Amino acid sequence: MTTPGGLTRIPLPMLELLLSAIERRRLECPFSEADLVDAGFHGFAEDVVAAFAGIDSVGVVAALMMVIAERLDRPPPQLDLVWTGPETRASVARSTHLVVQRLFESAERSVIVGGYSFDTPEILEPLYRAMKERGVDVTLFLDIDGTAATFEGAQPFAAAFIDRFLRTVWTFGLPKPEVFYDPRTAAPGPPWASLHAKCIVVDDERSLITSANFTDRGQTRNIEAGVLIEDPRFAAELGAQWRQLVSERLVVRYGG
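None of the values given here were measured: they were computed from a predicted structure.

## Side note on the packing of helix 5 (residues 96-106) against helix 6 (residues 121-134)
In contact at an axis separation of 8 Å, helix 5 and helix 6 are set at 5° when each is read in the N-to-C sense. With respect to helix 6, the element helix 5 is oriented roughly parallel. Residue-level inspection shows Val-100, Gln-101, Phe-104, Glu-105 and Ser-106 of helix 5 in contact with helix 6, the latter providing Ile-123, Leu-124, Pro-126, Leu-127, Arg-129, Ala-130 and Arg-134. Its residues assigned to classes, the contact of helix 5 with helix 6 comprises 7 nonpolar, 2 polar and 3 charged.

Right, here's the structure in full:
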């Protein structure tokens, strides 16, 4: 799930924490991935080491201060209303179905999809083409519908659910996305949990947050609302949030 781009996908709060750790000598430069992990920077160690390989503390601090200043002094994000359902005569909202399609079609490097429900191959077909034609790295985070009868049976229950997803929704064959799930969603309760997020991150530059599931109803008929966010900082932070779940093993990789 590594995405090239230096510090672009590292959230501002994490950059500020990194700067503080160096200034307070909790972290010595040059540092290794192991040093960063020990200091609590689990999900970003590889990118940080690649950006600052061999640079001393003075250089790293100067670079971090410039990056942080640039992040703070930046134009506001472009926000567009995204809507499923009846359109009023004065509506300026963009169609959920079309926004999702165009996001997938525009991807050049990476796509992260977090979804609660999927039911039709047509919605994901542009995503498959992005993988096949441009080598886009795709990661899906899925909710497991239903729960196993026992805790011991939760993993095979989740694997069987994802098998069905790959047969009935991702019907295109290879290449296939990397799939992760929250193990709590397959475990018997109480308490219960769901992966209820519905969002897309494209190239760590654009993102969609929506109430709409990746279903025919959610994309074309229900009343659903969302926002398309053209903002690399926000997209990088959202993508990093998902990647951190992987790094800290809070989600399970299908087949892994």
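## Points about the packing of aromatic side chains
Per the counting criterion, the structure on display carries 7 aromatic pairs. Ring plane angle 20° and centroid distance 5.5 Å describe the contact between Phe-141 and Phe-180, whose orientation is recorded as stacked. Of this pair, Phe-141 sits in strand 4 (residues 137-142) while Phe-180 sits in strand 5 (residues 178-181); the two residues are 39 residues apart in sequence, bridging distant segments of the chain. Taken as a pair, Phe-141 and Phe-180 share a single burial class, namely buried. What links up through ring pairs into an aromatic cluster is the set Phe-118, Phe-165 and Phe-214.

## Some details on helix 6
Side chains that are three or four residues apart share a direction in an α-helix, a result of its 3.6 residues per turn. Here helix 6 spans 19 Å end to end across 14 residues, near enough to the 20 Å set by a 1.5 Å rise per residue. Every buried residue of helix 6 is accounted for by Pro-121, Ile-123, Leu-124, Pro-126, Leu-127, Tyr-128, Ala-130 and Met-131. As for helix 6, its buried residues are in contact with helix 5, strand 3 (110-115), strand 4, helix 7 (154-168) and helix 8 (216-220).

Reading the values: the criteria
Residues numbered from 1 in each chain as written. Predicted model: local features only at pLDDT ≥ 70, side-chain atom pairs only at ≥ 80, totals over all residues. Heavy atoms only, no water. Axes fitted to C-alpha atoms, helices over the stretch in contact; angles between N-to-C directions. Helix = DSSP H or I, 4+ residues; strand = E, 2+ residues; numbered from the N terminus. Parallel < 35°, antiparallel > 145°, perpendicular 65-115°, else oblique. Contact = heavy atoms within 4.5 Å. Nonpolar A, V, L, I, M, F, W, Y, C, P; charged D, E, K, R; others polar. Phe/Tyr/Trp six-rings, centres within 6.5 Å; stacked < 30°, edge-to-face > 60°. Buried < 20%, exposed > 50% of the residue type's maximum accessible area, 1.4 Å probe, protein only. Expected span 1.5 Å × (residues − 1).

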